[in-house]
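# Understanding the architecture of this molecule
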Amino acid sequence: MPFIAELVISVLIVIGGIFLLIGSYGMIKLRELLPRLHAPTKSTTVGVGAILIASMLFFWIERGHFTIHELLITLFLFLTAPITANLIAKAYLLRNVDPANDLPPSGQGEGWATFDPVGPDGYDPSEEYNPEKD
C-alpha cells in the first residue's frame, strides 16, 4: 500500500477517534437534554463517518474492490441522526416548554411551528380527534 494512502487512512482514523472522544465527553459532561443532543448528532456522527470512510478506502486500496456497505452506513447515519435529534428536541419542547412564557415572539403572523397547530389556511388538526367527544 502506498505511503500516501496509509497516511490518509490513518488521519481519518485519528480524526474519527478524536470526534468520538469529544462526543463521549459531551454525553458525560452536558447535563440537560437539548445541549446533550449535540454530542451524538454532531461529533459522534462525524467520528463514525470518518472511520467508515477510512475502512472503505482501506479495502478499496488493499483488496482492490470497492465496498458499498460502509458508504451506505455512512449515508444512513448522516440522514437519520439529525432527524432523530429534531424529533427528540420537539418532544422535549412540547413536554417542558410553555410557549406563552418561555419563547420569544416568532416575528411572523403565525406562532412557533411546534406549538401552533393551526396552519396558514386556518385548518386545525386537533379538531378532527377529540377524545372527550367519544
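Note: the structure precedes this text.
All figures in this text were calculated on a predicted structure; none of them were measured in a lab.

### Some remarks on the packing of helix α1 (residues 3-29) against helix α3 (residues 38-63)
The axes of two packed helices give the description: the angle between them and the distance between them. In the contact formed by α1 and α3, the axes pass within 8 Å of each other and the chain directions differ by 160°. The orientation of α1 relative to α3 falls into the category roughly antiparallel. Considering the relative orientation of α1 and α3, their crossing is left-handed.

### Points about the packing of aromatic side chains
By the definition in use, this model includes two aromatic pairs. With a centroid separation of 5.2 Å and an interplanar angle of 75°, the aromatic rings of phenylalanine 58 and phenylalanine 59 are classed as edge-to-face. Given the relative accessible area of 31%, phenylalanine 58 is considered partly exposed. For phenylalanine 59, a relative accessible area of 23% puts it in the partly exposed group. Ring geometry for tryptophan 60 versus phenylalanine 66: centroids 5.9 Å apart, planes at 80°, classification edge-to-face. Since its relative accessible area comes to 44%, phenylalanine 66 is described here as partly exposed.

### Description of helix α4 (residues 69-96)
Helix length check: α4, at 28 residues, gives a terminal C-alpha distance of 40 Å against a target of 40 Å (1.5 Å per residue), a fit within 8%. By the burial criterion, the buried members of α4 are Glu70, Thr74, Ala81, Ala85 and Ala89. Its buried side turned inward, α4 meets α2 (33-36) and α3.

### Section: the packing of α3 against α4
Interaxial distance between α3 and α4 falls to 9 Å at its minimum, and their mutual angle equals 175°. Taken together, α3 and α4 sit at an angle that is classed as roughly antiparallel. Listed contacts from α4 to Thr41, Thr45, Val46, Val48, Gly49, Leu52, Ser55, Met56 and Phe59 of α3 are Glu70, Leu71, Ile73, Thr74, Leu77, Phe78, Ala81 and Ala85. Classifying every residue of the contact of α3 with α4 by side-chain character gives eleven nonpolar, five polar and one charged.

Conventions adopted
Residues numbered from 1 in each chain as written. Predicted model: local features only at pLDDT ≥ 70, side-chain atom pairs only at ≥ 80, totals over all residues. Heavy atoms only, no water. Axes fitted to C-alpha atoms, helices over the stretch in contact; angles between N-to-C directions. Helix = DSSP H or I, 4+ residues; strand = E, 2+ residues; numbered from the N terminus. Parallel < 35°, antiparallel > 145°, perpendicular 65-115°, else oblique. Left-handed = near helix turned anticlockwise from the far one by under 90°. Phe/Tyr/Trp six-rings, centres within 6.5 Å; stacked < 30°, edge-to-face > 60°. Buried < 20%, exposed > 50% of the residue type's maximum accessible area, 1.4 Å probe, protein only. Expected span 1.5 Å × (residues − 1). Contact = heavy atoms within 4.5 Å. Nonpolar A, V, L, I, M, F, W, Y, C, P; charged D, E, K, R; others polar.

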